[in-house]
Each structure stands twice: as structure tokens, then as C-alpha cells.
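Below are the chains, spelled out letter by letter.
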Protein chains: 2
Amino acid sequence: MADATARDLGEFGLIARVLERLGTSPAVLLGPGDDAAVVAVPDGRVVATTDVLVEGVHFRRDWSSAYDVGRKAAAANLADVAAMGGRGTALLVGLAAPADLPVDWAVGLADGLRDEAALVGAVVVGGDTVRSEVLVVSVTALGDLQGRAPVTRAGARPGDVVVLAGELGRSAAGLALLREGTMSGPLVDAHRRPTPPYDLGPVLADAGATAMCDVSDGLLADLGHIAVASAVHVDVDPADELFLTGGEDHALVATLPADAEVPAGCRVIGRVLDGPAQVTVAGRPRTGGWDHYA
Amino acid sequence: MADATARDLGEFGLIARVLERLGTSPAVLLGPGDDAAVVAVPDGRVVATTDVLVEGVHFRRDWSSAYDVGRKAAAANLADVAAMGGRGTALLVGLAAPADLPVDWAVGLADGLRDEAALVGAVVVGGDTVRSEVLVVSVTALGDLQGRAPVTRAGARPGDVVVLAGELGRSAAGLALLREGTMSGPLVDAHRRPTPPYDLGPVLADAGATAMCDVSDGLLADLGHIAVASAVHVDVDPADELFLTGGEDHALVATLPADAEVPAGCRVIGRVLDGPAQVTVAGRPRTGGWDHYA
């Protein structure tokens, strides 16, 4: 049945089909299929984060394939783990879906989750499948700090430099193209499947990052989180190609002591100043970013 | 603004209001408010499970308060951790909600999650809040095995006895009463706020449980999971007060070696036999239970 739906297979048939698509890793002591999974945490501390994607808000089925949604849902969470200086090890996935959801969509989602997770050596270890009128994908990522101290948003100090890992604005540009009817191209792909610089999270932590944040709401908004948490003034250099408000690229922004070596793949985009918590661009106040209820 | 909505406060205002309600614990090395949480895992293995609750499917706002939904969402996950022989330590919560959701509903949800988690010493460590036309609550629980081997569904052996911890059928009876218009009473309360026997999960593991399962789909269905995973025949004793198909009580069912001492608070309800994977009641085949797409 190439066009089978969730209703045709039933909950447990659907789960069985999805489980066939998933892999495993040495960290998985007990994978999907029991009441809960068991994952090795040799470090003795687990990093954990969750994100929810809703059809019509975070993705459209006519703009993104199920595979794309899986890649993006995994990326959003694994980037959060990287932003702490950790590496993702496991994903748990909640799928709330209408009874007429094509089984192929759930299978594509599982493939996308699996392939994005594989980029960091993580695997899907558990999940839940329930009926819902609206398609919702919730993902929780677990990660390992590998002995590092977690890099929070609260440690930036005056004198630090601000560094960016990864690209900004490509996802927002791709979304704008999709809205205009352009269905393919590198920017559209960047919207469908962001490519967070996972490796640079631990690298920046090892380089001495004092604060770090995933750029999901837009650079100004996410630097604002660091400014407030660290009680510092963050000034961004004016640059011809720096997107300030577009989110969803899942770049990483960090602060480094001025005498730290800036890792390959990162560039300095500003500095941390003394003064009231705010973000400025070349000294001028700027705001903007995504609020789900604004 | 007693009747403020999510739209009135905005995403970050709503999150701030919810965070005020939450507590912490020594296991929380980094709580909500950063890219991810960090939780201590002294055992070196973390138990992880996720459940999704959808308005109109798992709860109704006219039948359950936000506080009840929070209690139930936490209970469903923490019971899964107990069913592995573990103890819950942390919850992550995804809330997908319409812009007109009353802020008081989100606050009540947080209070319910907090109070149910407190029963086992767990706390909410992170979450995500997004806009959605349908109200969806996804919860992930993390837990600690405290040095125990996880008790899976796959270890039941012929000769074991089947033991039940907790009560069955009260949630289903409460749901039936709600459908008839009865809005209060102990059975209705049992539907709104199940009371899993959290402590008995680790106790049964220590008593030598060979298999264990949370009863969420109904006793026959969940024993069926053990029968299939363990490749054994499970025979349940006929009993005047044993509900076979009603789910959501989050009792625990386990198999114990015949010579093990049955812990206080548990009762023998059947035995494990050699033979093809099936569940019978007094030797007669029986089926039933909850399938989300059936």
C-alpha cells in the first residue's frame, strides 16, 4: 500500500514502520520499544533540550518534504546542544498527526531525523505517536558535555569579542523565496534543511567561550539573550552581509576572551562592552526577532 | 490582567510567567532559560521517555483543569520511568497553544507539572512554547536508575508470577462518568489525576522483577507487550475487580520469579507460562486496549 495512512496501519503498525528506519549507537543501552530508553552518559551530566514544530507555523507540507521536516526538527535541537558546548547523543520524538497522515510521511520524517542525528553520531531512542487534527512534531535532544563545563548565556565579560560560527540569513532568504513561489535553489534548501556548525560548539567551548547561544530567533534577539543574561552591552560591527533579524539558520554566536584564538570557521562580528544590557550595531540601538505571540 | 492571554504577554512574557512557578533540585546543574538544561546523572545512564497530550484526544479543558493536565502529563511520563525501575529526575515540556490561551492556563499547567514531579523529587528543567491552533502538551521525562539494571518488557520467564502495583479501571470509570455529566467524585478525580505507584517501580526492580510495564493502554494490551517481547504466554487469574481494557491509570505490572517475595502494595494477578506469545484470562484468549488510529 504505497498510499497507506496512519489509520490503515494503526498506531502500533505505524510505530513498527518507523522503527525499521532507525539506527543505533554504542551510547544506546536500550532503544525504542519499551516504556523508556536508556542512554549512556559517561560524563555524569546530560544536556537536554526540546523544540516543538507545528504545521502551518514552522513548516508547510507543500514547501518541505517529511524528510526536510525531520532534518530541521533534529537540527534545531542538536544545535541547542552544540550551543552548550556538547554533542548530541539521542533524540526522542513525539508525533501528533491526523489519522489520514500518509505512512510515507512518517517514514520520511524518521529518515530525516535519523540522517541529521547521524551527523553528530546521535540516534532516535524513543517517541510517542498520537492522533491530532494538527500535525505537530516535538523533539527532545540529549547530549554529552564530554567533560566540558557547559557554556551558558551568562558568562560574557566586557572586553570579550563576539564570534559567529555558521551562516546567517540564508533560511530567511529561502523562506522569502518560497513565499514568492520559488521552490528550489540553495537558499530554499537552506530554509528546508539548516546546517548548524555542530562541531564548532565544542570547539568554541574548548577555545574558552564565556557565553554561547544558538541563533534561532535572529542575531539581535539571540545576542540580546546573552546581553541580558550576562548583564553586558554587546556591540555588533556593521557589515555588508550580516543578517540581523532572520532566524532558523541555527548558527552559533559566542563570546571569547580578547586574547583567545578565534577557531577556524568562526569570525569576529563584535565586542562586549561594559554598560547596561543592550545590543547595538556600531553603537546604535537595534531590536528585532521572532516572538511566537507577537 | 487576570484574563491575559498568550498574545497579551508574548512568547517571552509567557515563558517568564511559567518559569516563576517552577522549583529546582540538586540534580539540576543548569535549569530553564538557556539553550539547554544540564542534569546530573550520577549513575552514568539516563532513562528517557516522551508522551504527547492533545486537547480533545487526551484531555478536555471543560473536564480537566490546566493543573490536572499538568499532573497527568507528568504522571504518564514519570510512570514510564518507574516501569524501568528508575526514578524521575527532570521534565522537559513543549507547549503548543493558540494565541488566545489564557496565561492562567499555562500557569496552572506549570503548577501541575511541578507538583506531580515533586512526588518523586523531579523538576521541570526546560521547555518550548510555540503557537498552534490545537493545544498540545508534550512532556519528556529523564530518570535515574540508581545503579539498577533497567527492567525491560523482554525478561519474563515461564514460572514467573505476574504482579500488579496500583489500581486499574478507576481512570476509565471516571471518564465514563464525565461523559455522563458527572463532574466530581473520586473516580472522576482518578481520571483527571492518575496516581501511579512510583515508589513500587524501583521496589519491584529490587525484588527481582524480570519484566515490567506501565499500564497505559489497558492491562491486556500492556501484558501483551510483555508476552510478545518476552515470547511467553501470560495467563491472568479471573478476578471480580480486575479491569482488563481501561487505560490511563498508570499502574505497574511486572513479572517476578516464583520464589521472590511479593513487595507490600503489590498483588499476584497471574502467571507466566511456556508457549506462544499471548495473553489469556483463566486460559481463554482475550484482547483489547487502546490504539490511537483504530
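Procedures and definitions
Residues numbered from 1 in each chain as written. Chains lettered and ligands numbered in written order. Predicted model: local features only at pLDDT ≥ 70, side-chain atom pairs only at ≥ 80, totals over all residues. Heavy atoms only, no water. Pairing = 2+ DSSP bridges. Helix = DSSP H or I, 4+ residues; strand = E, 2+ residues; numbered from the N terminus. Axes fitted to C-alpha atoms, helices over the stretch in contact; angles between N-to-C directions. Phe/Tyr/Trp six-rings, centres within 6.5 Å; stacked < 30°, edge-to-face > 60°. Buried < 20%, exposed > 50% of the residue type's maximum accessible area, 1.4 Å probe, protein only. Domains from an automatic or database assignment. Contact = heavy atoms within 4.5 Å. Buried area = accessible area lost by both parts, 1.4 Å probe. Salt bridge = Lys/Arg side-chain N within 4 Å of Asp/Glu carboxyl O. Polar contact = N/O pair within 3.5 Å; in protein donor to acceptor, adjacent residues only side chain to side chain. Least-squares fit on C-alpha atoms with pLDDT ≥ 70 in both.

Read across the sheet, 6 strands follow the order β1(A)-β2(A)-β3(B)-β6(B)-β4(B)-β5(B) without closing on themselves; strand pairing throughout is mixed. Across the chains shown, the open sheet's two edge strands, defined by having one partner strand only, are β1 (28–30) of chain A together with β5 (123–131) of chain B. Each neighbouring strand pair of the sheet contributes to a mean axis angle of 25°, computed without reference to strand direction. Strand direction decides the pairing type here: strand β4 (residues 87–97) of chain B and strand β6 (residues 136–144) of chain B, joined by 9 bridges, are antiparallel. Bridge pairing links G94 of chain B to S138 of chain B in β6 of chain B.

Attention shifts here to the packing of aromatic side chains. Residues and elements named next belong to chain A. In this structure the tally under the stated criterion is 2 aromatic pairs over all chains. With centroids separated by 6.1 Å and ring planes inclined at 25°, the aromatic side chains of F59 and W105 adopt a geometry described as stacked. Residue F59 is found in the loop between β3 (45–54) and α2 (66–83), and its partner W105 is found in helix α3 (residues 103–118); the two are separated by 46 residues along the sequence. Of the two residues, F59 and W105, neither departs from the other in class, the shared state being buried.

Strand order in the open sheet made by the 6 strands is β5(A)-β4(A)-β6(A)-β3(A)-β2(B)-β1(B), with mixed pairing throughout. The open sheet terminates on both sides in strands that have one partner only, identified here as β5 (123–131) of chain A together with β1 (28–30) of chain B. When strand polarity is set aside, the average angle formed by the axes of neighbouring strands in this sheet is 25°.

All names here are of chain A. For chain A, the assigned domains are domain 1 (8–144) and domain 2 (161–285). Just the C-alpha atoms count here: the centres of domain 1 and domain 2 sit 26 Å apart. Opposite the 20 residues of domain 1 that make contact, domain 2 presents 20 residues. With both sides pooled, the region where domain 1 packs onto domain 2 buries about 1700 Å², and carbon together with sulfur makes up 61% of that total. Looking only at domain 1, the three residues that lose the most surface to domain 2 are W63, K72 and A83, adding up to 38% of its buried area. Our count for the contact surface shared by domain 1 and domain 2 stands at 3 salt bridges. When the shortest N-O distance is used, the salt bridge between D199 and R87 registers 2.8 Å. On the surface where domain 1 and domain 2 come into contact, there are 5 residue pairs in polar contact (both at pLDDT 80 or more).

Expressed as a screw operation, the relation of chain A to chain B combines 0.0 Å of axial shift with a rotation of 180°, fitting to an RMSD of 0.0 Å. As the rotation angle and translation indicate, the two copies are arranged about a two-fold axis. For chain A, the minimum C-alpha distance to the rotation axis belongs to G44 of chain A and amounts to 2.6 Å. The residues that chain A uses at the interface reappear at the interface of chain B in 100% of cases, marking a shared surface.

You can see A40 of chain A is positioned in strand β2 (residues 37–40). Apart from the residues lying within four places of it in its own chain, the contact partners of A40 of chain A are A27 and L29 of chain A together with G44 and R45 of chain B.

All right, on to the interface of chain A and chain B then. Each partner contributes to the interface: chain A provides 66 residues, whereas chain B provides 66 residues. When the two sides are added together, the surface that chain A and chain B hide from each other amounts to roughly 5000 Å², 60% of it contributed by carbon and sulfur. Note that R153 of chain A is salt-bridged to D35 of chain B, the shortest N-O span being 3.4 Å. In this assembly, chain A and chain B are joined by 18 residue pairs in polar contact (both at pLDDT 80 or more).

Next up on the list: the pairing of strand β6 (residues 136–144) of chain A. Residue and element names in this part refer to chain A. Here β6 lies mainly inside the structure; 9 of its 9 residues are buried. A two-sided burial pattern is seen for β6, the buried positions comprising V136, S138, T140, L142 and D144 on one face and V137, V139, A141 and G143 on the other. When β3 meets β6, the two strands line up antiparallel, connected through 9 bridges. Residue pairing for β6: V47 is matched across the bridge by G143.

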